[in-house]
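One-letter residues, chain by chain:
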Amino acid sequence: LAANADVRFGWNHPRRDFEQNVLVTQNVLEAMRANGVRRFLFSSTGSVYGDCKVVPTPETAPFPIQTSLYGASKFAAEGLISSYAEAGHISSTIFRFVSILGPRYTHGHIIDFVAQLTKDSKNLRVLGNGTQRKSYLHVSDCVNAICNRIVESPKFEVLNLGVEGYCQVNDSISWITKRMGLQPQLNYTGGDRGWVGDNPFIYLDTTAMKSHGWAPTHTIQSAVE
């Protein structure tokens, strides 16, 4: 979990994704091999799928061109992990998350919107056109999924984590503003994505994880609220 999770500003510091996501993962893997530590659970991301044309996206979907340094770094880390697993050094589970929401989270459009509205209740700047379709997972559901697999020992497995369905950014705006009792002017920056590397449609197929007895307890709306 200790890695750079900043997708939006990746090109402001191009080496950070490599150093904190790829190189550090290699350091952990080699330390495990040297000390006989076997079990490795890795937090990857749905961003590795890029602009995938298969929706909802299963773990077996073909990978398109990577659209962000963050996604590329996580994909590279997955490759290292699979190599160590194939060589018999570790038992590994890779989790590909949708965006996570909930207590102690530090960034994301929910936090950004609330921060904006706290400063100026009459105006809200929205990156893109607001029609981007996103999926979100409450942090407690994410933790429960990870704990579900800790005691297992597969050679190598990849599991998507998310919820059924998706929402538009405009939907989350309506939930947030209603909860805050506000009716701000929405100022869109335009385009079908908010920044370079932003995936305008994220919806992961979680059939594989659900086969292990896990299911999320929060909907996207309840997670946002």
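Going by the structure above, here's the rest.
The structure presented is a predicted model; accordingly, all values stated were derived computationally and were not measured.

A.B. asks: Even after reading the chapter, I still don't get the sheet that holds strand β2 (residues 91-97), so can you show me in this structure?
C.D. replies: Note on sheets: strands pair through backbone hydrogen bonds, and any given pair is parallel or antiparallel. Spatial ordering of the open sheet is given by β1-β2-β7, a layout of three strands whose pairing is parallel. Since the sheet does not close on itself, it has two edges, and those belong to β1 (39-45) and β7 (156-161), each with one partner. When strand polarity is set aside, the average angle formed by the axes of neighbouring strands in this sheet is 20°. With seven bridges joining them, β1 and β2 adopt parallel strand pairing. Counted as the bridge partner of L41 is T93 from β2. Strands β1, β2 and β7 of the sheet are contacted by helix α2 (residues 69-86), whose axis makes an angle of about 155° with β1.

A.B. asks: It is not clear to me how the layout of surface pockets should be interpreted in this structure. Could you clarify?
C.D. replies: Where empty space is left in the structure can be found by rolling a water-sized probe over the atoms. Here the second largest pocket defines a volume of roughly 170 Å³. Lining the second largest pocket are 13 residues, with L1, A2, T25, F40 and F42 positioned closest to its centre. Within the residue set of the lining of the second largest pocket, elements represented by two or more residues are α1 (14-35) and β1. Top contributing element to the lining of the second largest pocket by residue count: α1, with five residues.

A.B. asks: Any chance you could explain α1 here in plain terms?
C.D. replies: Residues spaced three or four apart along an α-helix face the same direction, because each turn holds 3.6 residues. The end-to-end C-alpha separation of α1 is 32 Å, in line with the 32 Å expected for 22 residues at 1.5 Å each. At V24, α1 shows its maximal kink, close to 25°. Of the positions making up α1, those classed as buried are D17, N21, V22, T25, L29 and M32. Of the surrounding elements, those touching the buried residues of α1 are β1 and α2. Looking one or two places after α1, you find G36, whose phi comes out positive at around 70°.

A.B. asks: Just checking my understanding: could you explain the environment of Q66 for this structure?
C.D. replies: Its location among the elements puts Q66 in the loop between β1 and α2. Classification of Q66 as partly exposed rests on a relative accessible area of 22%. Here the alpha-carbon distance between Q66 and Y49, two residues 17 residues apart in the chain, equals 7.3 Å. Excluding residues that lie within four positions of it along the chain, Q66 makes contacts with S47, V48, G71, A72 and F75. A distance of 2.8 Å separates a polar atom in the side chain of Q66 from the backbone oxygen of V48. Of the polar contacts made by the side chain of Q66, one reaches the backbone nitrogen of A72; its length is 3.5 Å.

What counts, and at which threshold
- Residues numbered from 1 in each chain as written.
- Predicted model: local features only at pLDDT ≥ 70, side-chain atom pairs only at ≥ 80, totals over all residues.
- Heavy atoms only, no water.
- Pairing = 2+ DSSP bridges.
- Helix = DSSP H or I, 4+ residues; strand = E, 2+ residues; numbered from the N terminus.
- Axes fitted to C-alpha atoms, helices over the stretch in contact; angles between N-to-C directions.
- Contact = heavy atoms within 4.5 Å.
- 1 Å grid on protein atoms, 1.4 Å probe; cavity = no way out; pocket = protein on both sides within 12 Å on 5 of 7 lines; lining within 4 Å.
- Points joined across faces, edges and corners; volume = space filled by probe spheres on them.
- Expected span 1.5 Å × (residues − 1).
- Bend = angle between axes of the 7 residues up to and from the residue.
- Buried < 20%, exposed > 50% of the residue type's maximum accessible area, 1.4 Å probe, protein only.
- Polar contact = N/O pair within 3.5 Å; in protein donor to acceptor, adjacent residues only side chain to side chain.

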